[in-house]
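Chain residues, written in single-letter form:
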Amino acid sequence: EYKRELTKDVEGLEKEVVSFLNTYGGELVFGLSDDGTLYGVSDPDDAQKKIAQRLSENVRPSCLGLFDIDVESAEGGKHLVKVTVSSGADKPYYIAKYGMSTKGCHYRVGSTCRPMPESMIRELYAKRVPTTLKNIVSPEQDLTFNLLKIYYEEHGHKLNDQFAKTLDFLT
């Protein structure tokens, strides 16, 4: 996707990045018009900072680590800023100010960015794996739960040796 310049409007950056995150990833190049005319970016360092800040503030869930920003040299000493976006795992991604709605969620169809239908938003959200204590893998796998057993027994609750398995603590 080509953009002549980085505008303040979320339509030019956040909407495109959200659409890439929600589908198969993609690239956004600043400094080129839709027809491929080279304009360049006047201050590529500033553009990189603004892009990173806007994506961290305006895209939910966080897309940090799912995009990369590079500056490329072009003809005539001009520079392009390229944002490479991966497909995200926590779909649906959305523009924070619009929330998880058809106005905030977008996806790619070919070279176009489209609003996501409510049914698609619900389906993608339902596929998310929630981060709960039950789903978090402990880095320490030699678990005994002895302190928990002592606590229960001090409060008058007798536990057998299979309590950790019975209470689904072990996976």
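So, how was this worked out
- Residues numbered from 1 in each chain as written.
- Predicted model: local features only at pLDDT ≥ 70, side-chain atom pairs only at ≥ 80, totals over all residues.
- Heavy atoms only, no water.
- Pairing = 2+ DSSP bridges.
- Helix = DSSP H or I, 4+ residues; strand = E, 2+ residues; numbered from the N terminus.
- Salt bridge = Lys/Arg side-chain N within 4 Å of Asp/Glu carboxyl O.
- Buried < 20%, exposed > 50% of the residue type's maximum accessible area, 1.4 Å probe, protein only.
- Expected span 1.5 Å × (residues − 1).
- Arc of directions from axis to C-beta.
- Contact = heavy atoms within 4.5 Å.
- Core = buried A, V, L, I, M, F, W, Y, C linked by side-chain atoms within 4.5 Å.

Caption draft 1: Expanded view of the pairing of strand E4 (residues 67–73). Sheet topology note: the E4/strand E5 (residues 79–85) ladder contains seven bridges and is antiparallel. When the bridges of E5 are listed, aspartate 70 appears paired with lysine 82. Remark: five residues form the turn of the hairpin made by E4 and E5, two consecutive strands paired antiparallel; glycine 76 in that turn has positive phi of roughly 65 degrees.

Caption draft 2: Inspection of the pattern of salt bridges at higher detail. Counted under the stated rule, the structure contains 10 salt bridges. The residue glutamate 16 makes a salt bridge to lysine 3 at a minimum N-O spacing of 3.6 Å. Remark: lysine 3 occurs in strand E1 (residues 2–3) and glutamate 16 occurs in helix H1 (residues 14–22); sequence separation between them is 13 residues. Relative accessible area serves as the criterion here: at 6%, glutamate 16 is assigned to the buried category.

Caption draft 3: How the structure looks around helix H2 (residues 44–58). Between its first and last C-alpha, H2 extends 21 Å over 15 residues, near the 21 Å set by a 1.5 Å rise per residue. Among all positions of H2, only Pro44, Ala47, Ile51, Arg54 and Leu55 are buried. When H2 is viewed along its axis, its buried side chains cluster within an angular range of 95 degrees and face the same direction. If you follow the buried residues of H2, they end up packed against H1, strand E2 (26–30), strand E3 (59–60), E4 and E5.

Caption draft 4: Representation of the nonpolar core in the model. By size, the foremost hydrophobic cluster in this structure holds 21 residues, and its most contacted members are Phe30, Ile51, Leu55 and Val83. Among the elements of the structure, H1, E2, H2, E4 and E5 are those that each provide at least two residues to this core. A total of four residues in this core trace back to one element, the largest contributor, which is H1. With residues near it in sequence (within four places) discarded, phenylalanine 30 still touches Lys3, Glu5, Leu6, Gly12, Leu13, Val41, Ile51, Leu80, Val81 and Val83. By size, the runner-up hydrophobic cluster in this structure holds six residues, among which are Tyr94, Tyr107, Met116 and Leu124.

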